[in-house]
Amino acid sequence: RPPVVAPHQPRLDWQMWFAALGSYQHNPWLISLVERLLVGEKSILDLIDHSPFPSSPPKYIRGKLYHYSFTKPDAAGDAWWKREEVSEYFPPLTKEEKSVHAFLSHHHLLDRDYPHRSEPGFLRSVLLFLRQLCAGVSAPALIVMVLAALVAMRL
């Protein structure tokens, strides 16, 4: 069964589902993600459960749009859905692509556009500590632990 994470679903696949309802031009965060995958940014690869690029970053990434529909309950196999390719969502991109850098710069999504991102601060330190502390914990387990802690604090 596909995993369900509730009550909040910040999952990448969920966000990409919403991005597919529009164009990539209206979802600059997605192109920022692609650019960071192309350069092999560790903080982004750490967000993915199993890196599809274990030895080196990819040379190209393209986006395709698919239409998904559920399979019938009596369908052979254990597939929950089937998909059909609809169109290209964004063209093949490389890390050298000048149009990608221009696009990200226009949307203020390059690190050089926000020099304060790299400045150390209390909140950044706390968030980095929490990320390291929770690195091996699955999202559903983390949610259950947080909810249990909140219940315990109310007692």
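This text follows the structure it describes.
About the cut-offs
- Residues numbered from 1 in each chain as written.
- Predicted model: local features only at pLDDT ≥ 70, side-chain atom pairs only at ≥ 80, totals over all residues.
- Heavy atoms only, no water.
- Helix = DSSP H or I, 4+ residues; strand = E, 2+ residues; numbered from the N terminus.
- Buried < 20%, exposed > 50% of the residue type's maximum accessible area, 1.4 Å probe, protein only.
- Areas by Shrake-Rupley, 256 points an atom, 1.4 Å probe, with all protein chains shown as cover.
- Phe/Tyr/Trp six-rings, centres within 6.5 Å; stacked < 30°, edge-to-face > 60°.
- Core = buried A, V, L, I, M, F, W, Y, C linked by side-chain atoms within 4.5 Å.
- Contact = heavy atoms within 4.5 Å.
- Lys, Arg positive; Asp, Glu negative; His and termini not counted.
- Salt bridge = Lys/Arg side-chain N within 4 Å of Asp/Glu carboxyl O.
- Axes fitted to C-alpha atoms, helices over the stretch in contact; angles between N-to-C directions.
- Parallel < 35°, antiparallel > 145°, perpendicular 65-115°, else oblique.
- Left-handed = near helix turned anticlockwise from the far one by under 90°.

1. A closer look at the overall build of the protein chain
Tallying secondary structure elements over the protein chain gives six helices and two strands in all. Within the protein chain, the proportion of its 155 residues that are buried is 17%. Here the protein chain displays about 12,200 Å² of accessible surface, and carbon together with sulfur accounts for 62% of that area.

2. Comments concerning the packing of aromatic side chains
Counted according to the given criterion, the structure contains nine aromatic pairs. Where Tyr-24 meets Phe-90, the ring centres are 6.1 Å apart and the plane angle is 70 degrees; that geometry is what we call edge-to-face. With Tyr-24 in the loop between α1 (12-19) and α2 (28-38) and Phe-90 in strand β2 (residues 81-93), the pair connects residues that are 66 residues apart, well separated along the chain. Classification of Phe-90 by relative accessible area gives buried; the value is 4%.

3. So, the nonpolar core
In this structure, Ile-31, Phe-90, Leu-93 and Leu-104 are the most contacted members of the largest nonpolar core, which totals 18 residues. Elements represented by at least two residues in this core include exactly α2, α3 (42-45), β2 and α4 (98-106). Per-element accounting of this core gives the leading share, six residues, to α2. Setting aside residues no more than four positions away along its own chain, Ile-31 makes contact with Tyr-24, Phe-90, Leu-93, Val-100, Phe-103 and Leu-104.

4. A word on the side chain of Glu-35
When you line up the elements, Glu-35 lands in helix α2. Notably, Glu-35 is buried but unbridged: the nearest opposite-charge side chain belongs to Arg-36, and the N-O separation is 4.6 Å. Ignoring any residue separated from it by four or fewer positions in sequence, one finds Glu-35 in contact with Val-100, His-101 and Leu-104.

5. Things to note about the packing of α2 against α4
Contact pair α2 / α4: the axes reach a minimum separation of 10 Å and the direction vectors enclose 130 degrees. By the angle class used here, α2 and α4 are oblique. Crossing handedness for the pair α2 and α4: left-handed. Residues Pro-28, Ile-31, Ser-32 and Glu-35 of α2 touch α4, and the partners they reach there are Val-100, His-101, Phe-103 and Leu-104.

6. Focus: the environment of Tyr-24
Note: C-alpha distance between Tyr-24 and Gly-63 (39 residues apart in sequence) is 9.2 Å. Setting aside chain neighbours within four positions, we find Tyr-24 in contact with Ile-31, Tyr-89, Phe-90, Pro-91 and Phe-103.

7. With respect to the pattern of salt bridges
A complete count under the given rule lists three salt bridges for this structure. Of the charged contacts in the structure, one is a salt bridge between Arg-36 and Glu-41, with a shortest N-O distance of 3.1 Å. Residue classification places Arg-36 among the buried positions, given a relative accessible area of 10%. The residue Asp-46 makes a salt bridge to Lys-42 at a minimum N-O spacing of 2.9 Å.

Purely spatial values, then, with no claim about function.
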